[in-house]
Amino acid sequence: MKMFRFIEAIERRPQAAFAGFLILHGLVWTALPALLYTNLPLDLIEALTYGREWQIGYDKLPPLPWWTVEAVYRTFGVDTGYYALAQLVVIAAFVTVWKTARPLVGATGALVAILIIDGMNYFNYSAAKFNHDVIQLPFWALAGFAFHAALRQGRPHYWLLLGVALGLALWAKYFVVVLAAPLLLFLFIDPEARRRLVDPAPGSLPLQRSRSRLRILSG
């Protein structure tokens with residue numbers, strides 16, 4: 001009975017339930033490393049070493065996390081800032097997954113999806129490292145959201161958003177090819193998705209059909 005009441009409360013106020021989870025998650029995983037770590041994780045030390053150079057490219061990995069860590073160092077200069085930055089990135093990924101899942105499975109299902117992925121180490125204790133694996137999380141989530149919305153609605157800004165997400169993910173980690181390749185294959189393999197490739201412009205086909213029907217009716 002209590003479980004049913006809990007689910008009903010989430011369905012009545014899904015935004016509040018989700019916001020409460022984000023606040024709790026962010027505070028806990030910002031405070032724990034700040035209180036328990038006597039030294040910065042190795043990946044953060046590496047970021048502070050590479051980031052100060054502000055190079056466009058490096059011989060190891062893309063520079064986006066290193067630039068971000070350096071910006072936080074110059075702005076705040078305290079270790080807690082790095083842990084808070086990591087949680088902001090994680091929360092951005094959670095919000096995007098929530099936006100994607102809620103129309104598909106409802107508020108309760110979306111919250112369950114968030115809780116499932118929160119069990120992955122990249123969203124909790126490993127996030128404190130703020131390495132390339134962590135900073136790519138919101139861009140992968142954004143790419144999934146944009147790709148689904150583009151196929152469903154066909155609006156140009158969703159295709160543009162997909163390109164931005166994949167481009168930023170490339171600056172986060174070259175591993176993004178593992179995401180981009182399946183998306184491209186799906187466009188060619190799935191019959192409904194393949195129709196988007198022959199649209200005169202993404203999202204313009206429904207409007208053109210409507211105008212054609214109006215001309216037939218008026219002519």
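See the structure above.
Residues numbered from 1 in each chain as written. Predicted model: local features only at pLDDT ≥ 70, side-chain atom pairs only at ≥ 80, totals over all residues. Heavy atoms only, no water.

Caption draft 1: Spatial organisation of the nonpolar core. Counting 38 residues, the largest nonpolar core has Phe 18, Leu 44, Val 69, Tyr 82, Phe 94, Trp 98 and Phe 130 as the members making the most contacts within it. Going through the elements one at a time, helix H2 (14-36), helix H3 (42-51), helix H4 (64-75), helix H5 (79-118), helix H6 (132-135), helix H7 (137-153) and helix H8 (156-172) are the ones with two or more residues in this core. Among the elements that take part in this core, H5 stands out by supplying 14 residues, more than any other. Formed by eleven residues, the second largest nonpolar core is a distinct cluster that contains Ala 143, Ala 146, Leu 179 and Leu 183. (Core = buried A, V, L, I, M, F, W, Y, C linked by side-chain atoms within 4.5 Å. Buried < 20%, exposed > 50% of the residue type's maximum accessible area, 1.4 Å probe, protein only. Helix = DSSP H or I, 4+ residues; strand = E, 2+ residues; numbered from the N terminus.)

Caption draft 2: Region of interest: the environment of Trp 140. Within the secondary structure, Trp 140 sits in helix H7. Its relative accessible area of 25% is what places Trp 140 among the partly exposed residues. Ignoring anything within four residues of it in the chain, the contact list for Trp 140 reads Ala 169, Phe 175, Val 176, Val 178 and Leu 179. (Contact = heavy atoms within 4.5 Å.)

Caption draft 3: Quick peek at the packing of H5 against H7. Where H5 meets H7, the closest approach of the two axes is 8 Å, and the angle between their N-to-C directions is 20 degrees. The orientation of H5 with respect to H7, classified from their angle, is roughly parallel. With respect to the hand of their crossing, H5 and H7 are arranged in left-handed fashion. Residues Val 89, Ala 92, Ala 93, Thr 96, Val 97, Lys 99, Thr 100 and Leu 104 of H5 lie in contact with H7, whose contacting residues are Leu 137, Pro 138, Ala 141, Leu 142, Phe 145 and His 148. The class makeup of the residues in the contact of H5 with H7 is ten nonpolar, three polar and one charged. (Axes fitted to C-alpha atoms, helices over the stretch in contact; angles between N-to-C directions. Parallel < 35°, antiparallel > 145°, perpendicular 65-115°, else oblique. Left-handed = near helix turned anticlockwise from the far one by under 90°. Nonpolar A, V, L, I, M, F, W, Y, C, P; charged D, E, K, R; others polar.)

Caption draft 4: Local environment of unusual backbone geometry. The phi dihedral of Trp 54 falls on the positive side, at around 55 degrees, and the residue is not glycine. With respect to the element layout, Trp 54 can be found in the loop between H3 and H4. On the accessibility criterion, Trp 54 (40% relative accessible area) is partly exposed. The backbone of Phe 130 sits at a positive phi, close to 45 degrees, despite the residue not being glycine. Looking at where Phe 130 falls in the secondary structure, it is placed in the loop between H5 and H6.

Caption draft 5: Region of the structure containing the pattern of salt bridges. Tallied over the full model, the rule gives three salt bridges. When the shortest N-O distance is used, the salt bridge between Glu 46 and Lys 60 registers 2.2 Å. Of this pair, Glu 46 sits in helix H3 while Lys 60 sits in the loop between H3 and H4; the two residues are 14 residues apart in sequence, bridging distant segments of the chain. With relative accessibility at 18%, the residue Glu 46 sits in the buried group. Note that Arg 74 is salt-bridged to Glu 70, the shortest N-O span being 2.9 Å. Taken together, the positions of Arg 74 and Glu 70, both in helix H4 and four residues apart, correspond to about one turn of that helix. (Salt bridge = Lys/Arg side-chain N within 4 Å of Asp/Glu carboxyl O.)

Caption draft 6: Here's a closer look at a nonpolar patch on the surface. Nonpolar side chains collect at one region of the surface, where Leu 24, Val 28, Leu 32, Leu 35, Leu 36 and Tyr 37 lie side by side and expose about 600 Å² of accessible area between them. Examined against the element boundaries, Leu 36 turns out to sit in helix H2. A relative accessible area of 61% places Leu 36 in the exposed class. (Patch = residues over 30% accessible without salt bridge, like charges linked within 9 Å, V, L, I, M, F, W, Y side chains within 5 Å. Areas by Shrake-Rupley, 256 points an atom, 1.4 Å probe, with all protein chains shown as cover.)

Caption draft 7: Geometry of the side chain of Gln 136. Mapped onto the elements, Gln 136 comes out in the loop between H6 and H7. Dropping the residues within four chain positions of it, Gln 136 is found in contact with Ala 172 and Lys 173.

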